[in-house]
Amino acid sequence: QYSPLTTVSDFRQSATVLDGGALLHRVQWDKDKSIGEILQAYKHHVVTNYSRMKTTVVFDGYLAGSTKDHCHNKRQPVKGMMIEFNRDTIIQCKKNTFLSDIRNKERF
């Protein structure tokens, strides 16, 4: 038997862990933006949506030979190219193309 919830949780004392890989795909950005502008868009998204609670963004990587390789290859049929970049670099390709090269993802 279940009893009804009679108290309201105080979410300001909660902690949230965000999957950084999923976050990369959640925030929209267009080409011709600098890496700095793109990073600010991610920061804005996290602060706007999760500022009422302690939030940690986790980027976990997978080594070659991972059980997820098949899923990654299936999801990313377009092959990107490695782009050397810093905070001021203007990204002149679409987000999916940029993120389709794992080396860009790892350095981002």
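Scroll up a little and you will see the structure.
Heads up: these notes are all about the structure in this document.

Conventions adopted
Residues numbered from 1 in each chain as written. Predicted model: local features only at pLDDT ≥ 70, side-chain atom pairs only at ≥ 80, totals over all residues. Heavy atoms only, no water. Buried < 20%, exposed > 50% of the residue type's maximum accessible area, 1.4 Å probe, protein only. Helix = DSSP H or I, 4+ residues; strand = E, 2+ residues; numbered from the N terminus. Pairing = 2+ DSSP bridges. Core = buried A, V, L, I, M, F, W, Y, C linked by side-chain atoms within 4.5 Å. Contact = heavy atoms within 4.5 Å. Salt bridge = Lys/Arg side-chain N within 4 Å of Asp/Glu carboxyl O. Phe/Tyr/Trp six-rings, centres within 6.5 Å; stacked < 30°, edge-to-face > 60°. Polar contact = N/O pair within 3.5 Å; in protein donor to acceptor, adjacent residues only side chain to side chain.

Attention now goes to the pairing of strand 1 (residues 15–19). Burial along strand 1 is one-sided: the residues T16 and L18 are buried and none of A15, V17 and D19 is. Strand direction decides the pairing type here: strand 1 and strand 3 (residues 54–58), joined by five bridges, are parallel. Its bridge partner lying in strand 3, T16 is registered against T55.

Among the nonpolar cores identified, the biggest contains 14 residues, and L23, W29, I35, I38, Y42, I91 and F98 are the most heavily contacted of them. Those elements that provide at least two residues to this core are helix 1 (20–26), helix 2 (35–50) and helix 4 (95–99). The element best represented in this core is helix 2, accounting for four residues. Setting aside residues up to four positions removed in sequence, I35 forms contacts with F85, N86, R87, T89, I91, F98 and F108.

Moving on to the pattern of salt bridges. Throughout the structure, instances matching the rule amount to one salt bridge. In this structure, R103 engages D101 in a salt bridge whose closest nitrogen and oxygen atoms are separated by 2.7 Å. Residue classification places D101 among the buried positions, given a relative accessible area of 8%.

On the secondary structure map, E84 appears in the loop between helix 3 (69–75) and strand 4 (90–91). For the pair formed by E84 and R107, sequence separation is 23 residues and the distance between their alpha carbons is 9.2 Å. Contact partners of E84, with chain neighbours within four places excluded, come to T89 and R107.

In this structure the tally under the stated criterion is two aromatic pairs. Ring centres of W29 and F98 lie 5.9 Å apart, and the angle between their planes is 75°; this geometry places the pair in the edge-to-face category. Residue W29 is found in the loop between helix 1 and strand 2 (33–34), and its partner F98 is found in helix 4; the two are separated by 69 residues along the sequence. An aromatic cluster is defined as three or more aromatic residues linked by ring pairs; in this entry it consists of W29, F85 and F98.

Once that is clear, we can look at the side chain of T89. Position of T89 among the secondary structure elements: in the loop between helix 3 and strand 4. In terms of polar contacts, T89 uses its side chain to reach the backbone amide nitrogen of N86, at 2.8 Å. Look past the residues within four positions of T89 in its chain and what remains in contact with it is K33, S34, I35 and E84.

At D32, a position not held by glycine, the phi torsion is positive, near 70°. Residue placement: D32 occurs in the loop between helix 1 and strand 2. Classification of D32 as partly exposed rests on a relative accessible area of 48%.

What follows concerns the environment of S34. Tracing the backbone through its elements, the reader meets S34 in strand 2. Spatially, the C-alpha atom of S34 lies 5.2 Å from that of T89, the residues being 55 residues apart in sequence. Contacts of S34, omitting those with residues within four sequence positions, involve R87, D88, T89 and I90.

All quantities given are derived from atomic positions and should not be read as evidence of function.
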